[in-house]
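Summary of structural features
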Amino acid sequence: MRGDRVSVDALTARAVTAGAAVLTVIAGLGVRAFANGDVAKYAGDALYTVLICALVAVIAPRARPVTKAGTALAFSWAVELLQLTGVPAELSRSSAVARLVLGSTFNAPDLFWYAVGASAAWAAFAGAAAVAPATFPVRPRSPRPDSCEACPSGHS
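How each quantity is defined
- Residues numbered from 1 in each chain as written.
- Predicted model: local features only at pLDDT ≥ 70, side-chain atom pairs only at ≥ 80, totals over all residues.
- Heavy atoms only, no water.
- Helix = DSSP H or I, 4+ residues; strand = E, 2+ residues; numbered from the N terminus.
- Buried < 20%, exposed > 50% of the residue type's maximum accessible area, 1.4 Å probe, protein only.
- Contact = heavy atoms within 4.5 Å.
- Areas by Shrake-Rupley, 256 points an atom, 1.4 Å probe, with all protein chains shown as cover.
- Expected span 1.5 Å × (residues − 1).
- Core = buried A, V, L, I, M, F, W, Y, C linked by side-chain atoms within 4.5 Å.

The name recorded for the protein chain in an unreviewed UniProt entry is DUF2809 domain-containing protein, from Streptomyces atratus.

Digging into the overall build of the protein chain
Each helix and strand counted, the protein chain has six helices and zero strands in total. Listed N to C, the secondary structure of the protein chain is α-α-α-α-α-α in terms of helices and strands. For the protein chain, the proportion of its 156 residues judged to be buried stands at 30%. A sequence separation of at least 24 residues applies to 66% of the contacts in the protein chain between residues at least 6 apart. Total accessible area on the protein chain stands at roughly 9,500 Å², and carbon and sulfur atoms take up 69% of it.

Observations regarding helix α2 (residues 37-59)
With 23 residues, α2 extends 33 Å between its outermost C-alpha atoms, agreeing within 8% with the 33 Å of an ideal straight helix rising 1.5 Å per residue. When α2 is considered as a whole, its buried residues turn out to be Ala40, Tyr42, Asp45, Ala46, Tyr48, Thr49, Val50, Ile52, Cys53, Ala54, Val56 and Ala57.

Concerning the nonpolar core
Residues Tyr48, Ile52 and Cys53 are the most contacted members of the largest nonpolar core, which totals 15 residues. Going through the elements one at a time, α2, α3 (65-82) and α6 (109-131) are the ones with two or more residues in this core. A total of six residues in this core trace back to one element, the largest contributor, which is α2. Other than its neighbours up to four places away in sequence, isoleucine 52 contacts Ala72, Phe75 and Ser76.

See the structure below:
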């Protein structure tokens, strides 16, 4: 019975998180439509990482919030650093999707705004797990191998 509950919880978490991903895309489009300059650019950077974090959560709903946010931040930074190679700029010339996903030009301040987005996503997932633990199940930490909890002898 417990296995059924976990799969239902995971499906619920995936559905809610997929909805959050859609809202993040709408927010990004709204920022592009109604703001300009640095506000639009850096809000878009933060929202990009929030979206990646939501997609990570759809794939791995039971991952801890810090794992979801860290994965999204690492991906965002990797994409930004890839821009130093010129490959994304070349791909962006022929594909609007590549332009949206990979960008085209390296900009160091983007790295900071990706961290802002990852922090916001972490806070949202940590808050959701605290408020609705049944809907947003989090895989518990494994005991450290050198701790007494992990020791098969059971001594303390």
